[in-house]
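Topology and contacts: notes
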Amino acid sequence: MKKLSTHSFELGAIRPPSEGGSHSLLIRVTRNCPWSRCKFCYGTPYNREKFQLRGVEDIKKDIQAAKTISDEIKQVSWQLGYAGQINNVVGSTIIQREPNLSESHSFVTVFNWLNSGGRTAFLQDADSLIMRTPDLIEVIKYLRETFPSLERITSYARAKTICRKTLEELKGIRVAGLNRLHVGLESGDDELLEHIDKGVTAEQNIIAGRKAKETGFEFSAYVMPGLGGPSRSEQHAKNTARVLNEINPHYIRFRPFVPRPNTPLFDEYQSGKLQISSPHERLRELKTMIEALTVTSRVCFDHMMNAWRKESGELLFTQDYEGYKFPEEKERVLELIEEGLRVSELLHIDAKDMVAMPHL
Ligand code: SF4
């Protein structure tokens, strides 16, 4: 059997957990974050490097490298009699013959992507929409042409960047084949947004969400329970519910706040300026927020930071990427919150205990 080539392509540090779940093909179209100021994020490894746009030709070369790796893996499948199907036997055969490939992030990414159907791709890093619209469209079209099996392409985007694009630009990007935008709203409370230096107002979050939906994107909104600590809990809950109701995103994804070492909010926490809310305080905040929601979204707790427990020790909420369908399952979520509030706080995992956990 012929040796696999050593093609590789550039990969960024992060992607949303839901894209990890589908083993999305990761294509890096920009490097790092053009804002890099949010106080809960700035200072993390992801944000220490300077933001850079990448050239379209460089990105195309990466897509071509991923294609070469994909073709070579499929060739092995044919040689083994699996007619191009990818499975673990194909993977272990390749690794037995070329053990060094298990350390190639490019190979592992492409193999896992093929092994889970080759249907989704994610454009890295923090704000792909900041690319010039014609460049982004060219990249998306090229990615679609190169991998016709792709059913979904998604990306992170800043609300401010979506606001800056015209409806025509957004439509063009959508028609080219970008399906879903993952946007960190974090909160709908202006005071809190300013405090964390999000660089976006509640109103801009609403405009961005509506524009994205109007132009045909699936909108996946991230919210941080506990971000305001106990003192800003109520305003955070009520104003975030208001913004979410105005947008009615396809997905609402909860990412409870945990202060990360080296970030400004971690320093505030260490100096005693910022109080971290307890597991029950966070559940009460969620209750206020969820009671006020009138959305038809899928509400998801698809991250390990949603660590509340039931009496049995099981996770309180499913961490499934499709979560709970609202309004049908709103009562169910409220019942679960009540259940979590009956469990002793000592049984829940406190945000303070998660400070050193990896930020996925
Ligand atoms: S926009 Fe996103 S990636 Fe950039 S600093 Fe804020 S949270 Fe971090």
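Residues numbered from 1 in each chain as written. Predicted model: local features only at pLDDT ≥ 70, side-chain atom pairs only at ≥ 80, totals over all residues. Heavy atoms only, no water.

1. What about the overall build of the protein chain?
As a reminder of what qualifies: Counting from the N terminus, the helices are the DSSP runs of H or I reaching at least four residues and the strands are the DSSP runs of E reaching at least two. Atoms counted for the radius of gyration: C-alpha only. Globule rule: 2.2 Å times the number of residues to the power 0.38. Note on contacts: a residue pair qualifies if any of its non-hydrogen atoms lie within 4.5 Å across the two residues. Using a 1.4 Å probe, the Shrake-Rupley method yields the accessible areas, and only the shown protein chains count as cover for residues.
Assigned secondary structure in the protein chain consists of 14 helices and ten strands. Relative to the 2.2 N^0.38 estimate, which gives 21 Å for 360 residues, the radius of gyration of the protein chain is 21 Å and therefore close to what a compact globule would have. Here the C-alpha coordinates of the protein chain stretch approximately 65 × 50 × 45 Å along the principal axes. Considering only intrachain contacts with a sequence separation of at least 6, the fraction spanning at least 24 residues in the protein chain is 78%. Accessible area for the protein chain stands at about 15600 Å²; split by element, carbon and sulfur atoms hold 50% of it.

2. Considering helix 6 (residues 133–146)
So the rule is basically this: The span one expects for a helix is its residue count, reduced by one, times 1.5 Å. Each residue is placed in one exposure class: buried if its accessible area under a 1.4 Å probe, protein chains only, is under 20% of its type's maximum, exposed if it is over 50%, and partly exposed if it falls in between.
The terminal C-alpha atoms of helix 6 lie 20 Å apart, and with 14 residues this matches the ideal 20 Å at 1.5 Å per residue to within 8%. Those residues of helix 6 not exposed but buried are Thr-133, Leu-136, Ile-137, Val-139, Ile-140, Leu-143 and Thr-146.

3. What to know about the pattern of salt bridges
Note the threshold: We define a salt bridge as a contact between a side-chain nitrogen of Lys or Arg and a carboxyl oxygen of Asp or Glu at a distance within 4 Å.
The final tally for this structure, using the stated rule, is 21 salt bridges. Among the ionic pairs, Lys-287 bridges to Glu-338, the shortest N-O distance being 2.9 Å. Of this pair, Lys-287 sits in helix 13 (residues 279–292) while Glu-338 sits in helix 14 (residues 330–342), and the two are 51 residues apart along the sequence. Residue Glu-322 pairs with Arg-298 through a salt bridge whose shortest N-O separation is 3.8 Å. Of this pair, Glu-322 sits in the loop between strand 9 (298–300) and strand 10 (324–325) while Arg-298 is found in strand 9, placing the two residues 24 residues apart along the sequence. Assessed through its relative accessible area of 34%, Glu-322 is described here as partly exposed.

4. Brief notes about helix 13
An ideal rise of 1.5 Å per residue puts 20 Å on 14 residues; helix 13 measures up with 20 Å between its terminal C-alpha atoms. Taken together, the buried positions of helix 13 are Pro-279, His-280, Arg-282, Leu-283, Glu-285, Leu-286, Met-289 and Ile-290. Buried positions along helix 13 lie against strand 7 (218–223), helix 11 (233–247), strand 8 (251–254) and helix 14.

5. Here we look at the nonpolar core
This is how it is decided: What is meant by a nonpolar core is a set of buried Ala, Val, Leu, Ile, Met, Phe, Trp, Tyr and Cys residues, joined one to another through side-chain atoms within 4.5 Å.
Core analysis: the biggest nonpolar cluster contains 78 residues, and Leu-25, Ile-73, Leu-143, Ile-290 and Phe-317 have the highest contact counts within it. Not counting residues up to four positions away in its chain, the partners in contact with Leu-143 are Leu-25, Ile-27, Ile-63, Ala-121, Leu-123, Leu-150 and Ile-153. In terms of nonpolar packing, the next biggest core, distinct from the first, is built from 18 residues, Met-224, Leu-265, Leu-274 and Met-305 among them.

Everything listed here is a matter of coordinates, which is why it stays silent on function.
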